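Chain and residue survey
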There are 2 protein chains.
Amino acid sequence: MGEFDLIDRFFKRPVTRATLGVGDDCALLMPTPGMQLAVSSDMLVEGRHFLSTVDPARLGHKALAVNLSDLAACGAKPLAFMLALALPRADEAWLEGFSRGLFALADAHGCELIGGDTTQGPLNLCITVLGEVPREQALLRSGARAGDDLYVSGTLGDARLALEVFRGTRALPLAAFEAARARMEQPTPRVALGLALRGVATAAADISDGLVGDLGHILKASGVGACIDSAIAIDLLASKAHVTLASGQFDAEAALEYVLAGGDDYELVFTAPPAARDAVQAAAARAGTPVSRIGRIEAAPGLRLVDAAGQAITRRFASFDHFAG
Amino acid sequence: MGEFDLIDRFFKRPVTRATLGVGDDCALLMPTPGMQLAVSSDMLVEGRHFLSTVDPARLGHKALAVNLSDLAACGAKPLAFMLALALPRADEAWLEGFSRGLFALADAHGCELIGGDTTQGPLNLCITVLGEVPREQALLRSGARAGDDLYVSGTLGDARLALEVFRGTRALPLAAFEAARARMEQPTPRVALGLALRGVATAAADISDGLVGDLGHILKASGVGACIDSAIAIDLLASKAHVTLASGQFDAEAALEYVLAGGDDYELVFTAPPAARDAVQAAAARAGTPVSRIGRIEAAPGLRLVDAAGQAITRRFASFDHFAG
């Protein structure tokens, strides 16, 4: 199977939104008048972003999901995407699964594959996604203000817990492992929530490298600090009941680490003024996505963690950095 | 140096055209009203698209050039690009050179880096470029008609000749090698010519995988065939004088192979009706890019090669295919 056969067979579909899709030098797309284009790229490398043993359909899902998550964080509506693939070889079974998982998620979001590139090389998936958002309505990282509430969507830390099982440092009952593994391998991009939060949230980011790290981007861009309630945060770990010490006791230390610095969650962290609490809950209901208020934005720079009694917890969390030593 | 320091230091620059550039979840860009967006992605893999020994500044140039070449083939004006990089390690000298070469070409074309991704992994460069073109004016592969003239820009085959020197199958005098090597490592995207050919050319493609292969895309998409004059084609090899047999005689067979199936040329192949010959030359002059008329489009499918006397030359040329066995 040659490069062009491969593209025809697995990646070429009738064009719907684009004027011109896969198969010319460029794809052509007519933006909606008055809308801003939102663009994001994510590159996934084997062994770094996914295990070599992952089901290719789940990998197809994840490669697009992590990009849609960036659109969600901006409150942008998905339009189209480009797929660049480096493959060690043209493996038909792999391509069938990968393209199936990819298109299932793409179709669910009305996001059309319009072009890309295919080449031979160490497995690498690079997707660039295009979305649109009305002028001045994009959710940015820079809009958080002291006094704002701090929220996250969904659950946090379960992807990291699954990774620890793969690493052999933890064990989970099968059903809990499958649930955590699905979070790691098939994250849910919070596109509907991002759209619903337009005009409600003051700032937003998606959580790909861990809550502490990605919230840190908001704090830096907004010139503020934040305080997180650790008792609420720890409850965000869906598989919490299974994180125990050898003694059988709850391992609060590890659970908090997974929630705050786990990575691969693809939830949204966002801020909104206290006056918007009802509007936030209405947006969450409209999007069918639970959100939790986990703290507040403060004027003093830095991130503080407090216990149920409001006492400061001193701790350092490493956010995921691809080049940290 | 961490991932975000790396981005800040080598890739973050003041935003000019984009509303929001490197450093949020998405880049935001306001398209010009009435223009179509042209989008293309190319992925470059070490050992496949470039040698590991290449000067990083030249590689930065080439990574963007091959993408701008796709915009050129559509007659689109470059606007902005996304850069996704997988690097084995954060090598400052390499990053300094790479970003210098990349931005020199980007600035020459007013094409702004608006976002991307950086990760650890086997060296892989994926660029997605965004351009714009007035509605209905994009140059497509599907517009060639029987009777049209067939043209290519610039010179062909010298990149392949340089590769043969690297492979050790040929030797060149130093000056000729440096010239051929520059063609291989620093191709010139024909953006100005693509813009000048709007409304003049009936079809266009860029030559990345060899003339035969890329012209083949035009023929297939347009449902036509073509005839190429081999005597004119062979003159497109700038380093022709140095392609000799052991006897010292000109190696016409090899020269023709390099021109027709060399690859990595990043010239344009395009078609236009005979009535547009003056308009084609005027466009070429306006763009400062030489063009050569090398044959014509015919109704009968397939590609034919004729000698100076119009006699058919029977030959098969393999176009470059990343998965051909």
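Residues numbered from 1 in each chain as written. Chains lettered and ligands numbered in written order. Predicted model: local features only at pLDDT ≥ 70, side-chain atom pairs only at ≥ 80, totals over all residues.

As a further point, take the interface of chain B and chain A. Tallying the contact residues gives 55 residues for chain B and 55 residues for chain A. Of all the secondary structure elements, the ones that give two or more residues to the side of chain B that touches chain A are helix H1 (3-10), strand S1 (27-29), strand S2 (35-45), helix H2 (56-74), strand S3 (77-87), strand S4 (112-120), strand S5 (124-134) and strand S7 (203-207) of chain B. No other element matches S2 of chain B, which puts nine residues into the side of chain B that touches chain A. Grouping the constituent residues of the side of chain B that touches chain A by class yields 31 nonpolar, 14 polar and 10 charged. Pairing of strand S2 (residues 35-45) of chain A with S1 of chain B, which is carried by three bridges, proceeds in the antiparallel orientation. Residue leucine 37 of chain A lies in a different strand from S1 of chain B, and its bridge partner there is leucine 29 of chain B. (Contact = placed C-beta atoms within 7 Å. Helix = DSSP H or I, 4+ residues; strand = E, 2+ residues; numbered from the N terminus. Nonpolar A, V, L, I, M, F, W, Y, C, P; charged D, E, K, R; others polar. Pairing = 2+ DSSP bridges.)

Looking now at the domain arrangement of chain A. All names here are of chain A. Parsing chain A into structural domains produces domain 1 (3-134) and domain 2 (141-313). Taking only C-alpha atoms, the centre of domain 1 and the centre of domain 2 are 27 Å apart. At the junction of the two partners, domain 1 supplies 18 residues and domain 2 supplies 18 residues. Those elements that provide at least two residues to the side of domain 1 that touches domain 2 are helix H2 (56-74) and strand S3 (77-87). The greatest single-element share of the side of domain 1 that touches domain 2, amounting to 12 residues, is contributed by H2. Classifying every residue of the side of domain 1 that touches domain 2 gives 10 nonpolar, four polar and four charged. (Domains from an automatic or database assignment.)

Here we come to the sheet that holds strand S8 (residues 225-229) of chain A. All names here are of chain A. Here we have seven strands laid out as an open sheet, ordered S7-S9-S6-S10-S8-S11-S12, and mixed in their pairing. Both edges of this open sheet fall to strand S7 (203-207) and strand S12 (312-313), since each of them pairs with a single strand only. Relative to strand S9 (residues 267-272), strand S6 (residues 149-153) is paired through four bridges, and the arrangement is antiparallel. When the sheet's bridge partners are listed, leucine 150 is paired in S9 with threonine 271. Packing against the sheet, helix H7 (residues 211-222) makes contact with S6, S7, S8, S9 and strand S11 (302-306), and its axis sits at approximately 155° to S7. (Axes fitted to C-alpha atoms, helices over the stretch in contact; angles between N-to-C directions.)

What follows deals with the relation of the copies chain B and chain A. Note on the copies: chain B fits chain A at an RMSD of 0.0 Å, the axial shift is 0.0 Å, and the rotation between them is 180°. Overall, the copies show the geometry of a two-fold rotation axis. Interface overlap between copies: 100% of the residues of chain B at the interface are likewise at the interface in chain A, consistent with a symmetric, same-surface contact. (Least-squares fit on C-alpha atoms with pLDDT ≥ 70 in both.)

Strands sit in the order S1(A)-S2(B)-S5(B)-S3(B)-S4(B) across an open sheet of five strands; the sheet is mixed. Strand pairing shows two members of the sheet lacking a second neighbour, strand S1 (27-29) of chain A together with S4 of chain B, which therefore form its edges. Ignoring strand direction, the axes of neighbouring strands in this sheet form an average angle of 20°. Set on the sheet, H2 of chain B makes contact with S2, S3 and S5 of chain B; between it and S5 of chain B the angle comes to about 25°.

This part is about the pairing of S7 of chain A. If a strand is regular, its side chains alternate between the two faces of the sheet. All names here are of chain A. Counted residue by residue, S7 has five buried out of five residues, so it is predominantly covered. Pairing of S7 with S9, which is carried by five bridges, proceeds in the antiparallel orientation. Counterpart to alanine 205 in the pairing with S9 is valine 269. (Buried ≥ 20, exposed ≤ 12 C-beta atoms within 10 Å, placed from the backbone.)

All names here are of chain B. The residue leucine 197 is located in the loop between helix H6 (191-196) and S7 in this model. Here leucine 197 falls in the buried class, since 30 other C-beta atoms lie within 10 Å of it. The spatial distance from the C-alpha of leucine 197 to the C-alpha of aspartate 251 is 34 Å, given a sequence separation of 54 residues. Leaving out residues up to four positions away in the same chain, leucine 197 has contacts with Gly75, Leu139, Ala204, Phe270 and Ala283.

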